[in-house]
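Summary of the model geometry
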Amino acid sequence: MKTLAVLGAGTGGTIVANRMRKRLGKDWRVVVVDPRDQHLYQPGLLFLPFGRYEPEELLRARKDTFRSGVEWLRSEVVGIDGEARRVEFAEGEPLSYDLLVVASGVRLRPDLTEGLTGPGWREKVFDFYSLEGASALRAALSTFEGGRLVLNVVENPIKCPVAPLEFLFLADEYFTRRGVRDRVELVYATPLDAAFTKPQAAKKLGYLLEEKKVHLVTEFMTSEVDGAAGHLRSYDEREEPFDLLVTIPTHSGAAFVERSQLGDELAFLPTDPHTLRSKNIPGAFVVGDATDLPTSKAGSVAHFEAEVVCDNLLLAAKGEEPEPLFDGHANCFVETGWGKALLLDFNYETEPLPGRFPTPWGPFTLLEESRRNHWGKLAFHWLYWNALLPGRPLPVEARMSLTGKELPQETTEQPERAEA
Amino acid sequence: MPTKTYAGVEVPVDDEGYLTDSSRWNREVGQAIAEELGLELTDEHWKLIDFARSDYAERGQTPGLRRMAANTGVGMKDIYRLFPKGPGKLIAKVAGVPKPKSCI
Ligand SMILES: Cc1cc2nc3c(=O)[nH]c(=O)nc-3n(C[C@H](O)[C@H](O)[C@H](O)COP(=O)(O)OP(=O)(O)OC[C@H]3O[C@@H](n4cnc5c(N)ncnc54)[C@H](O)[C@@H]3O)c2cc1C
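Residues numbered from 1 in each chain as written. Chains lettered and ligands numbered in written order. Predicted model: local features only at pLDDT ≥ 70, side-chain atom pairs only at ≥ 80, totals over all residues. Heavy atoms only, no water.

Turning to the side chain of Asn347 of chain A, a few remarks are in order. Residue and element names in this part refer to chain A. Mapped onto the elements of the fold, Asn347 is located in the loop between strand S22 (340-346) and strand S23 (355-357). Taking relative accessible area as the criterion, Asn347 reaches 11% and is therefore assigned buried. Here Thr350 takes part through its backbone nitrogen, which lies 2.8 Å from a polar atom of the side chain of Asn347. Excluding its chain neighbours within four sequence positions, the residues that come into contact with Asn347 are Asp327, Gly328, His329 and Met400. (Helix = DSSP H or I, 4+ residues; strand = E, 2+ residues; numbered from the N terminus. Buried < 20%, exposed > 50% of the residue type's maximum accessible area, 1.4 Å probe, protein only. Polar contact = N/O pair within 3.5 Å; in protein donor to acceptor, adjacent residues only side chain to side chain. Contact = heavy atoms within 4.5 Å.)

Evaluated as defined, the whole model comprises three cavities of 30 Å³ or more. Here the largest cavity is characterised by a volume of approximately 100 Å³. Every residue lining the largest cavity is counted, 13 residues in all, and those nearest its centre are Asn156, Pro161, Tyr188 and Leu192 of chain A together with Ser102 of chain B. Its residues assigned to classes, the lining of the largest cavity comprises ten nonpolar, three polar and no charged. Roughly 40 Å³ of internal volume is contained in the second largest cavity. (1 Å grid on protein atoms, 1.4 Å probe; cavity = no way out; pocket = protein on both sides within 12 Å on 5 of 7 lines; lining within 4 Å. Points joined across faces, edges and corners; volume = space filled by probe spheres on them. Nonpolar A, V, L, I, M, F, W, Y, C, P; charged D, E, K, R; others polar.)

Residue and element names in this part refer to chain A. Taken together, 32 residues lie around the ligand, and Thr11, Gly12, Asp34, Asp289 and Gly299 are the ones closest in. Take Val77: an N or O atom from its main chain is 3.0 Å from a nitrogen atom of the ligand. Here an oxygen atom of the ligand and a backbone polar atom of Gly299 are 2.9 Å apart. Expressed as a share of its isolated accessible area of 1000 Å², the protein-covered part of the ligand is 92%. Every element with two or more residues in the shell around the ligand is listed here: helix H1 (11-23) and helix H7 (299-317). Element by element, the count of residues in the shell around the ligand is highest for H7, at three residues. Summarising the domain contributions, the shell around the ligand has at least three residues from each of domain 1 (2-106 + 253-317) and domain 2 (110-250). (Near = heavy atom within 4 Å. Areas by Shrake-Rupley, 256 points an atom, 1.4 Å probe, with all protein chains shown as cover. Domains from an automatic or database assignment.)

What follows is about the sheet that holds strand S17 (residues 239-241) of chain A. Residue and element names in this part refer to chain A. Spatially, S15-S16-S17 is the arrangement adopted by the three strands of the open sheet, whose pairing is antiparallel. One side of each edge strand has no neighbouring strand; the edge strands of this open sheet are strand S15 (222-226) and S17. Shown here is a sheet whose adjacent strand axes are inclined to one another by a mean of 20°, direction ignored. As defined by bridge partners, strand S16 (residues 231-234) adjoins S17 across three bridges and the pair is classed as antiparallel. Among the inter-strand pairings, Arg233 is bridged to a residue of S17, identified as Glu239. (Pairing = 2+ DSSP bridges. Axes fitted to C-alpha atoms, helices over the stretch in contact; angles between N-to-C directions.)

Chain A puts 28 residues into the contact, and the matching count from chain B is 21 residues. Summing both sides of the interface, chain A and chain B together bury roughly 2200 Å²; the carbon and sulfur share of this comes to 58%. By the criterion of area lost to chain B, the three top residues of chain A are Asp193, Tyr235 and Glu265 of chain A, representing 25% of everything that side buries. Counting the contacts that link chain A with chain B gives eight salt bridges. As a salt-bridge pair, Arg59 of chain B and Asp264 of chain A come within 3.5 Å of each other at their nearest N and O atoms. Those elements giving two or more residues to the side of chain A that touches chain B turn out to be helix H4 (199-205) and S22 of chain A. (Buried area = accessible area lost by both parts, 1.4 Å probe. Salt bridge = Lys/Arg side-chain N within 4 Å of Asp/Glu carboxyl O.)

The next point concerns the packing of helix H2 (residues 131-142) of chain A against helix H3 (residues 163-177) of chain A. Residue and element names in this part refer to chain A. It is the contact of H2 with H3, at a shortest axis distance of 12 Å, that shows an interaxial angle of 35°. Crossing angle aside, the handedness with which H2 passes H3 is right-handed. Taking contact as the criterion, the partners of Leu137, Leu141 and Ser142 in H2 are, on H3, Phe167, Tyr174 and Phe175. (Left-handed = near helix turned anticlockwise from the far one by under 90°.)

A few words on unusual backbone geometry. Here the bond from Asn156 of chain A into Pro157 of chain A is cis, since omega is 5°, no more than 30 degrees from zero. Here Pro157 of chain A lies in the loop between strand S12 (147-153) and H3. Look at Trp338 of chain A: it is not a glycine, yet its phi comes out positive at around 50°. For Trp338 of chain A, the position within the fold is in the loop between strand S21 (330-337) and S22. Given a relative accessible area of 35%, Trp338 of chain A falls into the partly exposed group. Residues other than glycine seldom take positive phi values, yet Lys85 of chain B does so here, at roughly 65°. With respect to the helices and strands, Lys85 of chain B occurs in the loop between helix H4 (76-82) and helix H5 (87-95). What makes Lys85 of chain B exposed here is its relative accessible area of 75%.

A word on the nonpolar core. Within the largest apolar cluster, 91 residues are counted, with the highest numbers of intra-cluster contacts made by Leu4, Phe128, Leu149, Phe167 and Phe175 of chain A. Here the element with the most residues in this core is H3 of chain A; it accounts for nine residues. Phe167 of chain A has contacts with Leu46, Pro49, Phe50, Phe128, Leu137, Leu141, Leu149, Leu151 and Val246 of chain A, leaving out every residue within four places of it along the chain. Core analysis: the next-biggest nonpolar cluster, separate from the first, contains 33 residues, Leu39, Ala69, Val74 and Leu90 of chain B among them. (Core = buried A, V, L, I, M, F, W, Y, C linked by side-chain atoms within 4.5 Å.)

What follows covers the domain arrangement of chain A. Residue and element names in this part refer to chain A. What the domain assignment lists for chain A is domain 1 (2-106 + 253-317), domain 2 (110-250) and domain 3 (330-411). On a C-alpha basis, the centres of domain 2 and domain 3 stand 26 Å from each other. Each partner contributes to the interface: domain 2 provides 17 residues, whereas domain 3 provides 18 residues. Interface area, domain 2 with domain 3, both sides summed: about 1500 Å², of which 64% is carbon and sulfur. Area buried by domain 2 at its contact with domain 3 is led by Glu166, Gln200 and Lys204, which between them contribute 33% of it. Two residues, Lys377 and Glu166, come together in a salt bridge whose shortest N-O distance is 2.8 Å. Our enumeration of links across domain 2 and domain 3 arrives at six residue pairs in polar contact (both at pLDDT 80 or more). Those elements that place two or more of their residues in the side of domain 2 that touches domain 3 are H3, H4 and helix H5 (207-211). Looking at the side of domain 2 that touches domain 3, the element that brings in the most residues is H3, giving seven residues.

Here it is, written out as structure tokens:
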């Protein structure tokens, strides 16, 4: 009997385990490891602070997310011994594997910023990337009658890099509906030099910050947060006062990656960008937010990577070399408020472009607001539980397609690809 | 696409003056870009520039400041002393690699 071990049963790990159970023969065990009883639908955390979901609506019992035949081990991984091909746990016997998939996502690290979890934490300083944070923020927003709300991205990379902007756009709608918008100042403090850093996105979306009256503070690298006094300080000694701080804390990989000394300075795993093979753990692949790849950390990316990893696991099970199939594809809806959203579709080579994204339900608009996009984003909640996690096919290819996209002048050297 | 000439080498640049072809860079080009930005380069500066280049070549993305600090031993405060006013962008510009970006 051989063993495929999958570490982490979030978006990527669950898809891989469910698909591989169908694809591997009876001579393989598929063992997935995750210590938490419930699976959280993270995209819902964006809407929770505005009262659009109840926390229970975003959770499912983890045991119900696996296909029959997948073995779930409810343990916390504390180490990987790559040479011995063994996973170690806080308690219990180690697990030996023949093939391994690391899908342990990210950890939020407010502890890495001085003062962030000090006075005011979860009173006037909140994150919304965790269920606890988003729930506490919801209560705080409902009684916020006016003042300066600062959203600060401490440092990149973060998962779902558009979520901070979406939060501000939804906050604009939320405070307008509550009739206090003119008393609320919305501020976006980012370490980058613009809100939109890619040329086409900047051109098509620059109007949004102005329309939503979001004040932009750029190149702000947070060194320190003083919750009691209500200000953030940057390394170049600028100060931003706040009445309410919404922070996107530093992200790092799992603690066991750090302990086993397998990751980079933030415990992300060195991964081959096209085969998704681990660069330093023999017989292992990496999926989702845990990688160090130069594409977005997003559920859509975890999904496309999972498809590639499944193909490559089958090759590896036969003793063959993996194929360089992954192109960095990401596909993300961006809520802009008032029932509209836009869609981004890009990969390692191609920046987000305007145009149409065809689907069986009609085209979504790329880099352009529409109601259909908003419904697409909401419908994804149902698809997530009922199609994506069980490993059923979705009408979006793992590799990016140029169909429907409008190429800017300078990149039209390959028109035959544009028509493909 | 606009071009600029540094140390006698003609290099293609984007609208903000970042090299669009990192392979056209050499140390004299880096030196000339730094002079244009009013920076006097010391060994500590070069540690950061060299790391940004080798890391970009290996991973296809410009390293963030935390990654540079961790891999060069130059602390965050010192990075800001060496490249005041936006070290992320300044290091990228001198090293001939793209400025730090988001997906959008
Ligand atoms: C507010 C918000 C909005 C978002 N919106 C979108 C969106 O609209 N579209 C989109 O595509 N993506 C979105 N995302 C991002 C998306 O949720 C993640 O990128 C995706 O879930 C990544 O999948 P993953 O499998 O890599 O990690 P995760 O789904 O986070 O799963 C990691 C799993 O590993 C487990 N684990 C961790 N440590 C250990 C250990 N030591 N031992 C065993 N198991 C462990 C965890 O318990 C967890 O279940 C959003 C995220 C947030 C926070």
